[in-house]
Amino acid sequence: MEKGLKWETTWLDLPSGEHKRPEYLAINPVGKVPALIDDGVIVHDSTIINEYLEDRFPAAKPLLPRDPVARATARKFEDYADAYLMPSLFKIFFELRKSASERVQARIDEGWNEARQHFAYLDKELAGREYFAGEYSLGDISFVPPLANLERAGFTIPPEFANLAAWWARMKARASFAASWPE
Ligand SMILES: N[C@@H](CCC(=O)N[C@@H](CS)C(=O)NCC(=O)O)C(=O)O
């Protein structure tokens, strides 16, 4: 959407294991979402999909800065979203999927405490900047799926993380946010 490309989404129901069915394993043998099919080319892992789209459509709005330092910064935050924030939020999402009687509140609390530590770091990084790599980039976009899911689960970025909360409001105001959201 940010690059003005057209796409169709197929949603898979993870709790029922749709991503482990043979039809999907033929697309992504590791059985994880997301995966992209572009004109018969299959790409999976969100980082590689993002970089593929950047390389394939360089003329469309660039989402990685040209400057090497800003480019590395964008990639650093892209990785932070995947490798550090996501595992903490998964602790919450995994418990919330369970029935109320099986749910372990201590694991939700652990995930939320970790999330707050990530928020503190991200808030500090945003001081004096509108976007993580200075200009809007994949470094910002990569936080949208985990944070949108967190909000959907009923959690809000605490207002004490004012830079992060303001950045999140900017991200949600973009047309791409509404366009990417499930019906
Ligand atoms: N590094 C991968 C992580 C993919 C990933 O863990 N996806 C999760 C959903 S966000 C998944 O498919 N989980 C199902 C499972 O592991 O069975 C990426 O960024 O694409």
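All values reported here derive from a predicted model rather than from experimental measurement.

Draft legend 1. Summary view of the site of the ligand. The immediate surroundings of the ligand are formed by L14, H19, K20, K32, V33, P34, D45, S46, D82, M86 and F90. In the model, an oxygen atom of the ligand is placed 2.9 Å from a nitrogen or oxygen of the H19 side chain. Taking V33, its main chain carries an N or O atom lying 2.9 Å from a nitrogen atom of the ligand. Its free accessible area being 510 Å², the ligand has 69% of it covered by the protein chains.

Draft legend 2. Spotlight on the pattern of salt bridges. Going through the model one piece at a time under the given rule, you end up with 13 salt bridges. One salt bridge in this structure joins E160 and R116, with 2.9 Å as the shortest N-O distance. Pair noted here: E160 is in the loop between α6 (144–152) and α7 (162–172) and R116 is in helix α4 (residues 105–125), with a separation of 44 residues, a long-range link. Overall, the relative accessible area of 53% leaves E160 in the exposed class. Ionic pairing is found between E151 and K172, a salt bridge with its closest N-O pair at 2.8 Å. With a gap of 21 residues between them, E151 in helix α6 and K172 in helix α7 connect regions that are remote in the sequence. With relative accessibility at 29%, the residue E151 sits in the partly exposed group. Residue K172 is classed as partly exposed on the basis of its relative accessible area of 32%. The network of salt bridges with shared partners includes E2, K61 and R174.

Draft legend 3. Quick peek at the packing of aromatic side chains. Counted under the stated rule, the structure contains 13 aromatic pairs. Their ring planes at 35° and their centres at 4.7 Å tell us that F77 and F132 sit as a pair that is tilted. On the criterion of sequence distance, the pair formed by F77 in helix α3 (residues 68–96) and F132 in the loop between α4 and α5 (138–141) is long-range, its members being 55 residues apart. Taking relative accessible area as the criterion, F132 reaches 0% and is therefore assigned buried. Plain terms: the ring middles of W112 and F155 are 5.1 Å apart, the flat faces sit at 40° to each other, and that makes the pair tilted. Of this pair, W112 sits in helix α4 while F155 is found in the loop between α6 and α7, placing the two residues 43 residues apart along the sequence.

Draft legend 4. α3, seen in detail. For α3, built from 29 residues, the straight-helix expectation of 42 Å at 1.5 Å per residue is met to within 8% by its first-to-last C-alpha distance of 40 Å. Along α3, the sharpest change in direction is near 45° and occurs at M86; proline P87 comes one to four residues later. Where α3 starts, the residue carrying a side-chain oxygen 3.2 Å from the main-chain nitrogen of V69 turns out to be D67.

Draft legend 5. Spotlight on the pairing of strand β1 (residues 35–38). With 4 bridges connecting them, β1 and strand β2 (residues 41–44) associate as antiparallel partners. By the bridge assignment for β2, A35 is matched with H44. The turn linking β1 back onto β2 is made up of 2 residues, and D39 within it adopts a positive phi angle of 55°.

Calculation criteria
Residues numbered from 1 in each chain as written. Predicted model: local features only at pLDDT ≥ 70, side-chain atom pairs only at ≥ 80, totals over all residues. Heavy atoms only, no water. Near = heavy atom within 4 Å. Polar contact = N/O pair within 3.5 Å; in protein donor to acceptor, adjacent residues only side chain to side chain. Areas by Shrake-Rupley, 256 points an atom, 1.4 Å probe, with all protein chains shown as cover. Salt bridge = Lys/Arg side-chain N within 4 Å of Asp/Glu carboxyl O. Helix = DSSP H or I, 4+ residues; strand = E, 2+ residues; numbered from the N terminus. Buried < 20%, exposed > 50% of the residue type's maximum accessible area, 1.4 Å probe, protein only. Phe/Tyr/Trp six-rings, centres within 6.5 Å; stacked < 30°, edge-to-face > 60°. Expected span 1.5 Å × (residues − 1). Bend = angle between axes of the 7 residues up to and from the residue. Pairing = 2+ DSSP bridges.

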